[in-house]
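Remarks on the overall topology
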Amino acid sequence: MTHILIVDDVASNLVLLGSHLEDQDYSVIEATNGPQALDLLQSHDDIDLVLLDVEMPKMSGLEVLRKIKQDEQIKDLPVILVTANGDDQNVVDGLDLGAVDYVIKPYSLSVLLARVRSALREKERLDLMEKWATTDPLTGLYNRRFFFEQAQRELERVQRNETDASFIILDIDHFKKVNDEYGHLVGDDVLEGLAKLFKETFRKVDLCCRFGGEEFVICLPDTDTEGALLVAERTRKKVEELSFNTEKGPLHVTISLGVSSANENTTLEDMLKRADDALYQAKQNGRNRTESLD
Ligand SMILES: Nc1nc2c(ncn2[C@@H]2O[C@H](COP(=O)(O)OP(=O)(O)OP(=O)(O)O)[C@@H](O)[C@H]2O)c(=O)[nH]1
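In this text, all values refer to a predicted model and were calculated from it rather than measured experimentally.

1. Quick look at the overall build of the protein chain
- Helix and strand content of the protein chain: 10 helices and 10 strands.
- For the protein chain, whose C-alpha radius of gyration is 25 Å, the value lies well above the compact-globule estimate of 19 Å for 294 residues.
- When the backbone C-alpha atoms are referred to their principal axes, the protein chain occupies close to 75 × 50 × 25 Å.
- Scored against the burial criterion, the 294 residues of the protein chain give a buried share of 46%.

Here you go:
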């Protein structure tokens, strides 16, 4: 369902526009001032579009828009300005601040609805492009590039706030044999199955990525070595219990894992190297095990 936030200080405007949007099967959330709108945007991560009145007493629509654009979490949300002031400068200011469109009051309902549909189509297109750019098509996990971006940010947060963070690098044991004996398609099934298990096992805040062929990396915010080792072991055991149906009968795989944790001077390269060295050690020590060098 598509969720639209409408912001207007005049209650009757909210009710009227809200009911028109609901008639079109949109789910409507209402705010009567800027601060309330910003609060709602922080607490609802499912809002697809904002219809923002410009002339409001507490905080003008343009000010609300400016704050939206400064907020990393919500800055890409499409905003259509609804204004009684059709002066060129007002329109220019709104578009320059990042509004996708504007509607001048009194507006024609059919035109407003068409603009809503147009903005939502554009958002859908951008969401899809972002998904392609950040995820791995086979497993649906984040890709390597996205990992580097986000993990770097996470480490900056660690340095700023002196919190913990850990990485787990894991690799399927003898995966070449799986491909050779069962075929590449079964190999792909195994990769997809593991990715599904990782999505179920790790927390929503953990960044789970396909790093390369049969290698995965997980960034665990607010997690020290002990915690990361615990999660790593739990994951290893769950993988051991998985069974894949193949034409040649059930197939079981195991994984080896390396864990590293952030310290005061951690760099991304250093954390990855320590996790990778630990993974190498796990492979050397017989596979199907977790190691950390920290
Ligand atoms: N099916 C499938 N196989 C892949 C994919 N990406 C990489 N591989 C295979 O993963 C295998 C990795 O083999 P190796 O690096 O030799 O490692 P391994 O056989 O897992 O051995 P160890 O890691 O030492 O336990 C190769 O056969 C690759 O072709 C993929 O997307 N699909």
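2. Quick notes on the packing of aromatic side chains
- In this structure the tally under the stated criterion is 7 aromatic pairs.
- For the pair phenylalanine 198 and phenylalanine 216, a centre-to-centre distance of 5.2 Å together with 75° between the ring planes defines the contact as edge-to-face. Note that phenylalanine 198 is positioned in helix α8 (residues 184-201) and phenylalanine 216 in strand β8 (residues 215-221), a separation of 18 residues in sequence. The pair phenylalanine 198 / phenylalanine 216 is uniform in exposure class, with both members buried.
- Taken together through their ring pairs, the aromatic side chains of Phe147, Phe148, Phe167 and Phe211 make up a single cluster.
- Over the aromatic face of phenylalanine 211 sits the side chain of arginine 144, whose NZ or CZ is 4.2 Å from the ring centroid.
- Directly above the aromatic system of tyrosine 182 lies the positively charged group of lysine 248, at a separation of 5.6 Å from the ring centroid.

3. Quick notes on the domain arrangement of the protein chain
- Each assigned domain of the protein chain is listed here: domain 1 (3-130) and domain 2 (144-292).
- Of note, the centres of domain 1 and domain 2, computed from C-alpha atoms alone, are 41 Å apart.

4. Quick look at the site of the ligand
- Near the ligand you find 16 residues, and of these His174, Phe175, Asp188, Arg210 and Arg287 are the closest.
- Within the contact set of the ligand, an oxygen atom lies 3.0 Å away from a side-chain nitrogen or oxygen of aspartate 171.
- In the environment of the ligand, an oxygen atom lies 2.8 Å from a nitrogen or oxygen atom belonging to the side chain of arginine 287.
- Across the complex, the protein chains shield 67% of the 680 Å² of accessible surface that the ligand would expose by itself.

5. Here we look at the pairing of strand β9 (residues 255-261)
- With respect to burial, β9 is a largely interior element, 7 of its 7 residues being buried.
- With burial as the criterion, each face of β9 is covered, one bearing Ile255, Leu257, Val259 and Ser261 and the other bearing Ser256, Gly258 and Ser260.
- In terms of handedness, the path from β9 via helix α10 (residues 268-284) over to strand β10 (residues 290-292) forms a crossover that is left-handed.

6. Structural notes on the UniProt feature "modified residue: 4-aspartylphosphate" (unreviewed entry) in the protein chain
- The feature "modified residue: 4-aspartylphosphate" (unreviewed entry), as annotated in UniProt, sits at Asp53 in this numbering.
- With respect to the secondary-structure elements, aspartate 53 resides in strand β3 (residues 49-53).
- For aspartate 53, a relative accessible area of 2% puts it in the buried group.

7. Regarding helix α3 (residues 61-70)
- What α3 keeps buried is the set Gly61, Leu62, Val64, Leu65 and Ile68. When α3 is viewed along its axis, its buried side chains cluster within an angular range of 155° and face the same direction.
- In the core, the buried residues of α3 are packed alongside α2 (34-43), β3, β4 (79-83) and α4 (88-97).

Criteria and thresholds
- Residues numbered from 1 in each chain as written.
- Predicted model: local features only at pLDDT ≥ 70, side-chain atom pairs only at ≥ 80, totals over all residues.
- Heavy atoms only, no water.
- Helix = DSSP H or I, 4+ residues; strand = E, 2+ residues; numbered from the N terminus.
- Rg over C-alpha atoms; globule rule 2.2 N^0.38 Å.
- Buried < 20%, exposed > 50% of the residue type's maximum accessible area, 1.4 Å probe, protein only.
- Phe/Tyr/Trp six-rings, centres within 6.5 Å; stacked < 30°, edge-to-face > 60°.
- Lys NZ or Arg CZ within 6 Å of the ring centre and 35° of its normal.
- Domains from an automatic or database assignment.
- Near = heavy atom within 4 Å.
- Polar contact = N/O pair within 3.5 Å; in protein donor to acceptor, adjacent residues only side chain to side chain.
- Areas by Shrake-Rupley, 256 points an atom, 1.4 Å probe, with all protein chains shown as cover.
- Right-handed = clockwise from strand over helix to strand, strands pointing away.
- UniProt positions renumbered as here; feature names shortened; annotations may be inferred.
- Arc of directions from axis to C-beta.
- Contact = heavy atoms within 4.5 Å.

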